[in-house]
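The primary structure of each chain is shown beneath.
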Amino acid sequence: VNDPAALDADLQVLQVGTDADELDAGNYRLLQAAFPDQADRFGILAADTQSEGTPIVERIPTAIEPLGFTTVYANSTPPPPATVDNWRPYLEPAVDEDVQMFEFTQTADQVVAAMGAFADVGFGPEIIVGNPSLYDGALLQGNDALADSDMYIGIYQVPFELADDNPPTQQFLDLMDDAVSGWSDDPKALATNAWSDWLLFAQAAKECGSDLTRDCVLEQASDIEGWDAGGLMAPTDITDGRPSSAPCTAMVLATPDGFEYDEELTQPTDGIFNCDDANLVSAPA
């Protein structure tokens, strides 16, 4: 759900995400603290998704600059399903501005394609910022640029790599493998969101019992304290159908060999997550 109008729509309950006028900036806050020099030369390339309100390429810099970021480059690409055949016009200006911390908000295949062009234009940002949906094996396939730039992704689920220490995550992987053989060899973060949505519906439906109506399900799901999808995700409170507690973030590093949970960067305050009121910043849509 990317459009502010969709975020504020009635007849829905959101179990992840933030308010249309707020941004979960835990990953930015942690990256700025660890890499202040690189954050001083921040660049963003974003897909120009068709939506109401402020474009993401403007919204993110405005929200994170009070955290200590200085944006030196901002540009946008055509929205999906359009693809880019020539990355030079998008990357060469970033080289000219000496971007050291770079974010590209797109699908994994487009991010891999853009990073594949880094060497062609002499672009070598020290830090790359990834969105939660990039916590996906597709980001690693053929992405040689990961050997030269550290790419960090802030996620709100327990990393799959920690399944041995978190039984709910291992149970989720086993159930997915039962449905799709070998799924856990290349798990995808968005599947955890879908599973959480289904569990939330199931819990609400159970509470309704024989009175299983749309109104009842929405009512039961609209106010839940500490929703964590049975231990798969960081806990959040749902109020009036919206997640309302301060977001929690876990940082993972994408490498050519896989993903790694970075405890030192995360500075966990609640289990493996960094949960802090400062993670939620104003970002008017």
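Quick caveat, the model's predicted, so the values are computed rather than measured. (Residues numbered from 1 in each chain as written. Predicted model: local features only at pLDDT ≥ 70, side-chain atom pairs only at ≥ 80, totals over all residues. Heavy atoms only, no water.)

Comments concerning the overall build of the protein
Within the protein one finds 11 helices and 13 strands. Against the globule reference of 19 Å for 285 residues, the protein gives a C-alpha radius of gyration of 19 Å, in line with a compact fold. Dimensions of the protein, computed from C-alpha atoms along their principal axes, come out at roughly 65 × 40 × 40 Å. The buried share among the 285 residues of the protein stands at 48%. Looking at the protein alone, contacts between residues at least 24 apart form 69% of all its contacts between residues at least 6 apart. When the accessible surface of the protein is summed, it comes to about 13,400 Å², and 47% of that surface belongs to carbon and sulfur atoms. Here the protein contributes 8 positively and 52 negatively charged side chains, and the mean placements of these two sets differ by 5 Å. (Helix = DSSP H or I, 4+ residues; strand = E, 2+ residues; numbered from the N terminus. Rg over C-alpha atoms; globule rule 2.2 N^0.38 Å. Buried < 20%, exposed > 50% of the residue type's maximum accessible area, 1.4 Å probe, protein only. Contact = heavy atoms within 4.5 Å. Areas by Shrake-Rupley, 256 points an atom, 1.4 Å probe, with all protein chains shown as cover. Lys, Arg positive; Asp, Glu negative; His and termini not counted. Charge placed at Lys NZ, Arg CZ, Asp CG, Glu CD.)

Describing the side chain of Ser149
Inspection of the secondary structure puts Ser149 in the loop between strand 5 (127-130) and strand 6 (150-155). A polar atom in the side chain of Ser149 sits 2.6 Å from the backbone oxygen of Pro125. The contacts of Ser149, once residues within four sequence positions are left out, are Gly124, Pro125, Glu126 and Ile128. (Polar contact = N/O pair within 3.5 Å; in protein donor to acceptor, adjacent residues only side chain to side chain.)

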